[in-house]
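Observations on the three-dimensional arrangement
Take a look at the letters that make up each chain.
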Amino acid sequence: MSFTDVFVRRPVLAIVVNLVIVIAGLQAISSLSVRQYPRNDNAVVTVTTVYVGASAELVRGVITTPLERAISGADGIDYIQSESKQGISTIKVRLELNYDPIKALSEVTSKVNQVRGDLPPEAEIPTINVESADSTVAAAYLSFSSDILKDNQITDFITRVVQPRLSAIEGVQRAEILGARNYAMRIWLKPENMAAYNIAPAEVHQALVSNNYLAALGATKGNFVQVNLAANTDLKTVEGFEQLVLRNEGGAIIRLRDIADIELGSDSYDLEVAYSGQTAIFMGIWPLPNANWLDVLKLVRAEMQTLQESLPKGLEARVAYDSTQYIESSINEVIKTLVETLAIVIVVIFLFLGSLRSVLVPVIAIPISLIGAVFLMQLFGFSVNLLTLLAIVLSVGLVVDDAIVIVENVERHISEGMGKVDAAIVGAREMIGPVIATTATLVAVYLPIGLQGGLTGSLFKEFTFTLAGAVIISSIVALTLSPMMSGRFIRKNESERGFAGYISKTFERIKKRYQRMLNATLQTRPAVYTVWIVLSFLCVPMFMLSPKELAPTEDQGVIFGIVQGSPDSTIDQASLYAKEANRVFSSVPETDFTFQIIFPSGGFSGMVLDTWDERERSVFEILPEVQAKLHQNPGLQIIPVTPPALPGGGDFPVEFVIASTAEPEEILKIAQQLQQKAMASGMFAFPPIIDTKIDQPQTRVNIDREKVADLGLNMSQVGRDVAVMMSGAYVNRFNIEGRSYRVIPQIERVERLTP
């Protein structure tokens, strides 16, 4: 007696077993998160330290190098890359694949805290964050623009109203403002007035520190009453800063307004953000790793619709870019393909089996197997993404094989005169070995792909395990439900009557014709061997000549532009040429809207195309046209690229590191030689990008130490005075309606046009 006999004799048990599979799968469908790609822990920890006014060389020596040495002692690090620029140090710690990013963040934070005392006191506290490789780009970007409000007013409204509400949405990891211009009290110093009153910049700095003081007084405690204390030791308004007393000599009071213009401005003016050419502020929405992206963005859109009622007059808010539109479109296409595949498989099965009753058995096995595979996806912690859906589509043709084998074998025994139940019992017994063998073979073929290491294994793990799981579930269905159904639905000699009989006769004729062709082929074996050997040898050159890539690039409806400006460029010059680039993007008929985030020496831009059904050209046909037009822009180098087909790698198909103990200048020369060789080969569309740049113009201020000493000063005083006037570093903060903002003294731009 075989275990399959139990299910044939007890149909209720067979139905219950398969109902359990269906119920488990149905409850899993609503709980699975929806993403574009499988999640993989290929994370980067970024340590950013701001040292306003410091040169790149100084930043490298006193901030980047000490931090790198400390961080390198943390576990789980693949490699570290750093960048030292004027006023800022950025260290990116690439973690080993699938290393716990939370643990790495804790270790890196601990290492940074160990050397914080060694950093310059003027440097800001390092900020540390971790992000996975597939979260470098937000799931959606929101645009806020106005022809009436200033950028700092828009930023303040977003910070106070929009950001808290969107961050509170279920499934949102963070809502980050891009291109923010926060309020700042700008103290625009007048060098002529300061000289006339004999007031040094350091004196202004000290006056701001001493007179804009946040006092924490505590509380009084009597026998029965307690009263909290507060004092107006801090300044909150432009008028308050204007009245600040710098010096009182013989009744002559010198106030801050006498040597400076004070305004409520922005903390930075070296940034411009534009949406379709209009000045804007962006906000990126990053969902949680285990969240359903489609549901999260639906909630974000609903919240944005609600926010429209509370927007200030003249402020426009819109969802500028939504990556879930591509995800939803792709999923719909996969579902459409799945339905078409099911229909084709059912028709093919019917044509071969010739009986609707026989077709019913494998047709029922298909959805049960696929729904069971969804339960396994939940069990393994997978998500609904393009690769798991592809596995479901491919498995349709595999999960029916076992059921078809069972049906044909039972039908054979019935046609030989055996009773239906007995035929089902015998037929199922005979097929136990073949079903298990074919299942094990298919699992053995696909499973190693998901077990391999590296990025490929991490990405295709969900694909292979889902496919193998569907095949395993199909074998369970084939050995439990299919024999029971076959023993009750199949009739004797049903394939010899009506339409089924016509199909059987047709296949008999095809079979006889095939036999004649096979006999003819066997009589000319040398020719067959020759063709076989030639085709086998041709596989080698065809494989070598075929293009190789991890996955084909998809039309995601967006073209990104990597912007590189000249090293001595100002925001005015970069903005001028960025507008020309925006006209290039907008000139393409298929453009829906454009976006730009421009810094003096670079930035990020791009164009979002109309939906796929609204345009005839693909993004790959549009890309060369855009590339040719952008190449004519003399002020900015903009490299248009499309998003990668799969996440987790670098920004470009090939990236490599040149490592040496030599100085950066020498390494850069070697890199430039490789760049020239690459362009001379004619194999590259644009020059390979070198991230190291030593081209920032710099003027060294040589201070006469003897004259400094004659004036009764020291180098610390001189350096501090120049820094206060030129660097734009903030002194302290002031409060407006529950939020703090920076106080920044600096001479006006017109006074610092040239060295």
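See above for the structure.
Below: a short report on this structure. (Residues numbered from 1 in each chain as written. Predicted model: local features only at pLDDT ≥ 70, side-chain atom pairs only at ≥ 80, totals over all residues. Heavy atoms only, no water.)

Another aspect to go through is the overall build of the protein. Secondary structure summary: the protein contains 22 helices and 21 strands in total. Its C-alpha radius of gyration of 35 Å places the protein more than 25% over the 27 Å reference for a compact globule of 755 residues. Principal axes of the C-alpha set define a box for the protein whose edges measure 125 × 80 × 50 Å. Counting over 755 residues, the protein shows a buried share of 43%. Residue pairs in contact within the protein that sit at least 24 positions apart in sequence constitute 75% of those at least 6 positions apart. A total accessible area of about 40700 Å² is found for the protein, and carbon and sulfur atoms account for 57% of it. (Helix = DSSP H or I, 4+ residues; strand = E, 2+ residues; numbered from the N terminus. Rg over C-alpha atoms; globule rule 2.2 N^0.38 Å. Buried < 20%, exposed > 50% of the residue type's maximum accessible area, 1.4 Å probe, protein only. Contact = heavy atoms within 4.5 Å. Areas by Shrake-Rupley, 256 points an atom, 1.4 Å probe, with all protein chains shown as cover.)

In this section: the sheet that holds strand β2 (residues 77-85). Read from one edge of the open sheet, 4 strands run β2-β3-β1-β4, paired in antiparallel fashion. Strands at the two margins of the open sheet, each flanked by one partner only, are β2 and β4 (127-132). Between one strand and the next, the sheet's axes are offset by a mean angle of 15°, whatever the strand orientation. Two elements, strand β1 (residues 43-50) and strand β3 (residues 88-95), share 7 bridges in a ladder whose sense is antiparallel. What sits directly across from V44, in β3, is R94. The strands that helix α3 (residues 56-71) touches are β1, β2 and β3; relative to β2, the one it contacts most, it runs at about 165°. Its contacts with the sheet place helix α4 (residues 101-115) against β1, β3 and β4, and it is angled at close to 160° to β4. (Pairing = 2+ DSSP bridges. Axes fitted to C-alpha atoms, helices over the stretch in contact; angles between N-to-C directions.)

On to the packing of aromatic side chains, then. Evaluated as defined, the whole model comprises 14 aromatic pairs. On the numbers, 6.5 Å between centres and 40° between planes, the contact of W188 with Y269 is tilted. You can see W188 sitting in strand β7 (residues 183-189) and its partner Y269 sitting in the loop between β12 (260-266) and β13 (272-275), a full 81 residues away along the chain. Both rings, one in F241 and one in F734, keep their centres 5.9 Å apart while their planes meet at 80°; by these two values the pair is edge-to-face. (Phe/Tyr/Trp six-rings, centres within 6.5 Å; stacked < 30°, edge-to-face > 60°.)

Now for the packing of helix α14 (residues 420-451) against helix α15 (residues 454-489). Relative orientation of the contacting elements α14 and α15 amounts to 180°, with a least axis distance of 9 Å. In terms of their interaxial angle, α14 and α15 are classed as roughly antiparallel. Of the residues that constitute the contact of α14 with α15, the class distribution is 20 nonpolar, 6 polar and 3 charged. (Parallel < 35°, antiparallel > 145°, perpendicular 65-115°, else oblique. Nonpolar A, V, L, I, M, F, W, Y, C, P; charged D, E, K, R; others polar.)

Taken together, the side chains of L217, F224, V225, V227 and L229 make up a nonpolar region of the molecular surface, amounting to roughly 530 Å² of accessible area. Tracing the backbone shows V227 in strand β9 (residues 226-228). (Patch = residues over 30% accessible without salt bridge, like charges linked within 9 Å, V, L, I, M, F, W, Y side chains within 5 Å. Salt bridge = Lys/Arg side-chain N within 4 Å of Asp/Glu carboxyl O.)

On the basis of which strands lie adjacent, the open sheet formed by 4 strands has the order β12-β7-β21-β20 and mixed pairing. Among the strands making up the open sheet, the edge pair consists of β12 and β20 (732-736). On average, adjacent strands in this sheet sit at an angle of 30° to one another, irrespective of strand direction. As paired strands, β20 and strand β21 (residues 739-747) are joined by 5 bridges and run antiparallel to one another. If you follow N735 over to β21, its bridge partner there is S740. Taken strand by strand, helix α5 (residues 151-167) contacts β7, β12, β20 and β21, and its axis lies near 155° from that of β21.

Along strand β5 (residues 140-146), 7 of the 7 residues are buried, which leaves the element largely enclosed by surrounding structure. Residues of β5 alternate between two faces, with A140, L142, F144 and S146 on one and Y141, S143 and S145 on the opposite face, all of them buried. Note: β5 against strand β14 (residues 278-287), 6 bridges, orientation antiparallel. When the bridges of β14 are listed, S143 appears paired with F282. Relative to strand β15 (residues 315-322), β5 runs antiparallel, the two being bridged by 7 bridges. Looking at the pairing, S146 lines up with L315 of β15.

Turning our attention to unusual backbone geometry. The residue N198 is not glycine, and still its phi comes out positive at about 60°. For N198, the location among the structural elements is in the loop between α6 (191-197) and α7 (201-211). On the basis of relative accessible area, N198 is assigned to the exposed category, the value being 59%. Even without glycine at this site, E737 takes up a positive phi of about 50°. In this fold, E737 is placed in the loop between β20 and β21.

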